[in-house]
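These are the residues of each chain, in order.
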Amino acid sequence: MSVTMRGRMYRYVGPAELKALVRAGGEGRSVRSSADLGECVSALTLDELAEPFTFVVDAGGVLRLAPRRSEHVVCAGGEEVLSAGEMSFREESGRRRGR
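Residues numbered from 1 in each chain as written. Predicted model: local features only at pLDDT ≥ 70, side-chain atom pairs only at ≥ 80, totals over all residues. Heavy atoms only, no water.

Chemist: Any chance you could break down the pattern of salt bridges for me, citing the residues and the numbers?
Modeler: Going through the model one piece at a time under the given rule, you end up with 4 salt bridges. A salt bridge links R64 to D58, with the nearest nitrogen and oxygen atoms 3.1 Å apart. The burial state of R64 is the same as that of D58; both residues are buried. In this structure, R68 and E86 form a salt bridge, with 3.5 Å as the shortest nitrogen-oxygen distance. Linking R68 in the loop between strand 3 (63–66) and helix 4 (72–75) with E86 in strand 4 (residues 81–87), this pair joins segments that are 18 residues apart in sequence. (Salt bridge = Lys/Arg side-chain N within 4 Å of Asp/Glu carboxyl O. Buried < 20%, exposed > 50% of the residue type's maximum accessible area, 1.4 Å probe, protein only. Helix = DSSP H or I, 4+ residues; strand = E, 2+ residues; numbered from the N terminus.)

Structure below.
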């Protein structure tokens, strides 16, 4: 799931102690397709699926997902983003859809 248009980029402006949590390889999981999303959520429990995910759309337009209590700056790997927030999914006719 990637975005083809470019928008305004946003850099992290929060507390330095949160940015210090960023670690190489610790960014959110890249979701480029419905298969990627399926892999991402298949290992989660029902309780974990009931909570929203932290998300960012990175500079390349790729959706990255992390557990809800993750910091957006960590999900983004400390990089600028096109968007950030929380999202949840529901299953409908065997497919996952955003809510």
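Chemist: Tell me about the pairing of strand 3, and name the residues and values.
Modeler: Here strand 3 shows no split at all, with L63 and L65 on one side and R64 and A66 on the other all buried. One ladder, built from 3 bridges, connects strand 1 (residues 29–31) with strand 3; its direction is antiparallel. Bridging across to strand 3, S30 finds its partner in R64. As paired strands, strand 2 (residues 53–58) and strand 3 are joined by 4 bridges and run antiparallel to one another. Along strand 3, the bridge assignment pairs T54 with A66. Where strand 2 folds back on strand 3, the antiparallel hairpin that results is connected by 4 residues, among which G61 adopts a positive phi of roughly 85°. (Pairing = 2+ DSSP bridges.)

So, to be careful, I would describe these as geometric facts and stop short of saying anything about function.
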